[in-house]
Protein chains: 2
Amino acid sequence: MKKIGFIGIGVMGGPMALNLMRAGYELTVYSRTRAKCEAVLSAGARWADSPAACAEGQDAVLTMVGFPKDVEQVYFGQSGIFASVRPGMLLIDLTTTSPKLSKRIFEEAKKRGADALDAPVSGGDTGAKAGTLAIMAGGEEAAFERARPILEAMGKNVVYEGPAGSGQHTKMANQIAIAGAVSGVCEAIAYGRAEGLDLERMLATISTGAAGSWQMTGNGPKMISGDFAPGFYIKHFIKDMRIAGEEAQDAGLSLAMLDRVLAMYRELDAQGLGDLGTQALIRYYDKQN
Amino acid sequence: MKKIGFIGIGVMGGPMALNLMRAGYELTVYSRTRAKCEAVLSAGARWADSPAACAEGQDAVLTMVGFPKDVEQVYFGQSGIFASVRPGMLLIDLTTTSPKLSKRIFEEAKKRGADALDAPVSGGDTGAKAGTLAIMAGGEEAAFERARPILEAMGKNVVYEGPAGSGQHTKMANQIAIAGAVSGVCEAIAYGRAEGLDLERMLATISTGAAGSWQMTGNGPKMISGDFAPGFYIKHFIKDMRIAGEEAQDAGLSLAMLDRVLAMYRELDAQGLGDLGTQALIRYYDKQN
């Protein structure tokens, strides 16, 4: 396990690839936009012209792309990863994507004598740079143990969650909990504003008790000051909530809060605000008072 | 400021009254059920036969009762507090109740040359016993400063929030944020259960990051184990959310998440589960899988 192909060099993938190189791995990279690869290439990574070329001859292939359709294209498309998969190869998808797609990749890898893990991350670009990401992995436990040194070069809280798809399901649970927390903070602030409270004081009072959350401490002040710079994009949150809602529905589960919050974010996206950070949910209540 | 009348000796009021006595105040108490007053009476408090008798001749009168109709009765009813209010007296309502009612009490007190504060608390019976409650107060700032030693005998995070009603509004914002957070934790757990995840492991993974909250850490494990013993009653949470929703509506604000979560809790209450703790929201999803 020395040679790694890394596909998807962006805000997250870039610093993760650099951390792998610092840990001594030999990297070959591919990304849709070559310009984004400058930092990793000048740090010594090799460039490949396609996912298939990037996967060719590697011990492990890691992917960190955007949407499920991108993951599908990168694995199953023409010149996709599966064109180059050999027995014993390890495939790790770090993208937050559909658990069903993760299971499909797992099955396809098995057929070829290879192992696949779904290993979505949380912690944002800050965590990616610092190498402190939480990584929640699904697949076979033996494959997870083989992957552990690679994952621990990028993250700190690296956990095996269960069979293929379990990493994605854990990430979905994470996003569902965020949907509740962030909407609670938003509606508390919208309420306080409508009632003329001193919002900083209000937030300081309530954030230390049973109403407290990472969302309140991290995003509450940004909602109050109107700082909507993206730590996490609305458009990506919508993707995650949509997948979670569909998976829940397939399991016969109706998540009323999640559906409501997803509908609010979709309205904002329809207004062209998808590139703002998730804290911009407060904009949903702006029009009301 | 030595003589205090305290009305409403229950799970919260009892330990709060005891803390005042420990701080050297002379207490007279009244409560609907005299049996609940045994601890404070044997600690040296005097008994009064009505709210009016309890308020008679006091420097300050504190109330900690259940619902807005109880507050109204205790202040404005026959043999209510206002029958005994004298100029200079300080009235402090610690109940979580309607901000409009707090303003009515404030105005009525003013007419009689007295001061009123709305000062709802958070921290539960644990905080009441330990004297570590958060207390969020509304009214005139000078009255708040006069009341501060009394409030600090019962709480730790004692904050002046603004004019009459602002304490209640801050508490409402607190409850709105809790509604979001607790529903997020519930739906994350219901989802993880439906997808067959190891729920303890899932919770341990997601609670340290952006999905983390007091509700997740405090109530998540209880939801998983089915421990529905009340830290905070569903029936009281419904009261609070109802007031918050009505106040928001009066201010022209629609809180979609809050409305949804309130509707879920009302369904549980209709099933006779109002005396369970708020973490029993997970029961709402039980029927689905």
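Model, not experiment: these values are computed from the prediction.

Q: Would you explain the pattern of salt bridges in this entry?
A: Pairing is possible between side chains of opposite charge, provided their charged atoms come close. In this structure the tally under the stated criterion is 36 salt bridges over all chains. Residues Arg242 of chain B and Glu246 of chain B are paired through a salt bridge, measuring 3.1 Å at the closest nitrogen-oxygen approach. Residue Arg242 of chain B and its partner Glu246 of chain B are both found in helix H11 (residues 234-250); the two are separated by 4 residues, about one turn of the helix. By sharing partners, the salt bridges in this structure join Lys110, Asp115, Glu140 and Arg146 of chain A into a single network.

Q: Before we go on, may I ask you to explain the relation of the copies chain A and chain B in this structure?
A: Mapping between the two chain copies consists of a rotation about an axis together with a translation along that axis. Each copy of the sequence occupies a distinct position, and chain A is placed on chain B by a rotation of 180 degrees and an axial shift of 0.0 Å, giving an RMSD of 0.0 Å. What the rotation and shift describe, once combined, is the action of a two-fold rotation axis. In this assembly the copies share their binding face: 98% of the residues contributing to the interface of chain A also contribute to that of chain B.

Q: What am I meant to see in unusual backbone geometry here?
A: Phi is mostly negative for residues that are not glycine, and the peptide bonds are mostly trans. Of note in this structure, Ser79 of chain A is not a glycine but carries a positive phi near 60 degrees. Examined against the element boundaries, Ser79 of chain A turns out to sit in the loop between helix H4 (68-76) and strand E5 (90-93).

Q: How do you make sense of the interface of chain A and chain B when you look at a structure like this?
A: Size of an interface, as often reported, equals the accessible area lost when the parts are brought together. Each partner contributes residues to the interface: chain A has 57 residues there, and chain B has 56 residues. Between chain A and chain B the total buried area reaches about 4,600 Å² when both faces are included, carbon and sulfur atoms providing 63% of it. Viewed at the interface, chain B and chain A are joined by 0 salt bridges. In this assembly, chain A and chain B are joined by 20 residue pairs in polar contact (both at pLDDT 80 or more).

Q: Help me understand helix H1 (residues 13-22) of chain B in this model?
A: An α-helix turns once per 3.6 residues; consequently, residues spaced three or four apart project the same way. Residue and element names in this part refer to chain B. Among the 10 residues in H1, 8 count as buried, and that is most of the element. Taken together, the buried positions of H1 are occupied by Gly13, Gly14, Pro15, Met16, Ala17, Asn19, Leu20 and Met21. Of the residues one or two after H1, Gly24 is the one with positive phi, at around 100 degrees.

Analysis parameters
- Residues numbered from 1 in each chain as written.
- Chains lettered and ligands numbered in written order.
- Predicted model: local features only at pLDDT ≥ 70, side-chain atom pairs only at ≥ 80, totals over all residues.
- Heavy atoms only, no water.
- Salt bridge = Lys/Arg side-chain N within 4 Å of Asp/Glu carboxyl O.
- Helix = DSSP H or I, 4+ residues; strand = E, 2+ residues; numbered from the N terminus.
- Least-squares fit on C-alpha atoms with pLDDT ≥ 70 in both.
- Contact = heavy atoms within 4.5 Å.
- Buried area = accessible area lost by both parts, 1.4 Å probe.
- Polar contact = N/O pair within 3.5 Å; in protein donor to acceptor, adjacent residues only side chain to side chain.
- Buried < 20%, exposed > 50% of the residue type's maximum accessible area, 1.4 Å probe, protein only.

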